[in-house]
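Coordinates in review
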Amino acid sequence: KMEPAIYRKIIEEAHKKNISVTAHLFYVEDAKMLIRAGLNVIGHSIRDREVDDELLSLMKTNNVIYIPTLSLDNYAYIYGDEPEWLTDSFFQKSLEPGVLAMITSKDYQTKIKNSPDYERNKKAAQIAMFNLKKISEAGITVALGTDSGAFPIRTQGFSEHYEMELMVKAGIQPLDVIRNSTLHAAKVLNIDKDYGSLEVGKNADFIILDADPSVNIKNTRKIRSVWKDGKQASVSNVN
């Protein structure tokens, strides 16, 4: 961990230059200390234990944004459980060459399942889901993030849709999840003036779906077309 004296100085200097500060977290007590030091964004789930009222109050009072990265928490153990989406073409098309053979091999799956970290990671992922619901219900801004691409098993493209699915499973309504994934994500990047929602004067970046994601969040994967700056992008094999 970074020493508090160091991160306090980093946050102080960043704020002098009007730079937002994000910290990677795991523990409740670390979150409290960092917020008191001026932290703006929490990256990754707080997953050592249930968040308490003190932390929720600190987050809300200081307008801290929460990026849970539930997919990252699940990737830490999920391949040992042979998830049903392993055979999903939407997932498989997002993989780099050779990754599918690795993650579907019995040797790899057994290694994950028998890892001393398996149960700890699985429990942490469950705590993360519970904490997200509490944080969202407290009125704290939640934004989508995945850490996808950092490792081949955190596949880019699928992870963002998987993250939305996990948010819904945590107890957040689909339309709120979509708002977390668009407008709130743009807010984190300080680009919400131009992106993140369909409004007059903003860039016309959007997707058209074949089914309603408010009925089933997995319908975000049924992509008919992608539009960038008001023009249909040349996209093949989206579905």
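First, a word on what this report is: a plain description of the structure on this page.

Conventions we followed
- Residues numbered from 1 in each chain as written.
- Predicted model: local features only at pLDDT ≥ 70, side-chain atom pairs only at ≥ 80, totals over all residues.
- Heavy atoms only, no water.
- Core = buried A, V, L, I, M, F, W, Y, C linked by side-chain atoms within 4.5 Å.
- Buried < 20%, exposed > 50% of the residue type's maximum accessible area, 1.4 Å probe, protein only.
- Helix = DSSP H or I, 4+ residues; strand = E, 2+ residues; numbered from the N terminus.
- Contact = heavy atoms within 4.5 Å.
- Pairing = 2+ DSSP bridges.
- Patch = residues over 30% accessible without salt bridge, like charges linked within 9 Å, V, L, I, M, F, W, Y side chains within 5 Å.
- Areas by Shrake-Rupley, 256 points an atom, 1.4 Å probe, with all protein chains shown as cover.
- Salt bridge = Lys/Arg side-chain N within 4 Å of Asp/Glu carboxyl O.
- Polar contact = N/O pair within 3.5 Å; in protein donor to acceptor, adjacent residues only side chain to side chain.
- Phe/Tyr/Trp six-rings, centres within 6.5 Å; stacked < 30°, edge-to-face > 60°.
- Axes fitted to C-alpha atoms, helices over the stretch in contact; angles between N-to-C directions.
- Parallel < 35°, antiparallel > 145°, perpendicular 65-115°, else oblique.
- Left-handed = near helix turned anticlockwise from the far one by under 90°.

1. Remarks on the nonpolar core
Core analysis: the biggest nonpolar cluster contains 54 residues, and I42, M59, Y79, W85 and I103 have the highest contact counts within it. Considering every element that reaches this core, the biggest residue donor is helix α8 (residues 118-137), with six residues. If we skip the residues at most four places from it in the chain, I42 touches T22, A23, L25, A31, I35, M59, V64, I65, Y66 and I67.

2. Description of the sheet that holds strand β5 (residues 223-228)
Hydrogen bonding along the main chain pairs the strands of a sheet, whether they run parallel or antiparallel. A sheet is described by the order of its strands in space; here three strands give the open sequence β4-β5-β6, paired in antiparallel fashion. Each edge of the open sheet carries a strand with a single partner, namely β4 (206-209) and β6 (231-232). Pairing between β4 and β5: four bridges, direction antiparallel. In the sheet register, F206 faces β5, and the bridge partner there is W227.

3. Focus on a nonpolar patch on the surface
Judged by side-chain polarity, M2, I6 and I10 come together as a nonpolar surface patch covering roughly 280 Å² of accessible area. As for its position among the elements, I6 is in helix α1 (residues 4-16).

4. Digging into the environment of T61
Within the element layout of this structure, T61 appears in helix α3 (residues 53-61). Distance in space between the C-alpha atoms of T61 and I35 is 9.9 Å, their sequence separation being 26 residues. Polar side-chain contacts of T61 include one of 2.8 Å to the backbone oxygen of S57.

5. Considering the packing of aromatic side chains
Think of a pair of aromatic rings as described by two things: how far the centres are apart, and how the planes are tilted against each other in angle. As enumerated under the stated definition, the model contains 13 aromatic pairs in all. Each ring, one from F91 and one from F158, has its centre 4.9 Å from the other, and the planes form 75°; the classification is edge-to-face. You can see F91 sitting in helix α5 (residues 89-92) and its partner F158 sitting in helix α9 (residues 158-169), a full 67 residues away along the chain. Comparing F91 with F158 shows no difference in burial state: the two are buried. Within the aromatic cluster, the residues linked to one another by ring pairs are Y75, Y79, W85, F91, Y108, F158 and Y162.

6. Here's the deal with unusual backbone geometry
Notably, N18 is not glycine yet its phi reads approximately 60°, a positive angle. Among the secondary structure elements, N18 is positioned in the loop between α1 and β1 (22-24). One non-glycine residue, E82, lies in the positive phi region at around 50°. Looking at the secondary structure, you find E82 in the loop between α4 (70-75) and α5.

7. Structural notes on the sheet that holds strand β3 (residues 65-67)
On the basis of which strands lie adjacent, the open sheet formed by three strands has the order β1-β2-β3 and parallel pairing. One side of each edge strand has no neighbouring strand; the edge strands of this open sheet are β1 and β3. Adjacent strand axes in the sheet meet at a mean angle of 20°, parallel and antiparallel pairs treated alike.

8. Section: the packing of α9 against helix α10 (residues 174-181)
In the contact formed by α9 and α10, the axes pass within 9 Å of each other and the chain directions differ by 135°. Comparing their axes, α10 and α9 come out oblique. Like other packed secondary-structure pairs, α9 and α10 cross with a definite hand, here right-handed. Counted together, M164, M167 and V168 of α9 and P174, V177, N180 and S181 of α10 form the full contact between these two elements.

Geometric descriptors of this kind do not, in isolation, establish any biological role.
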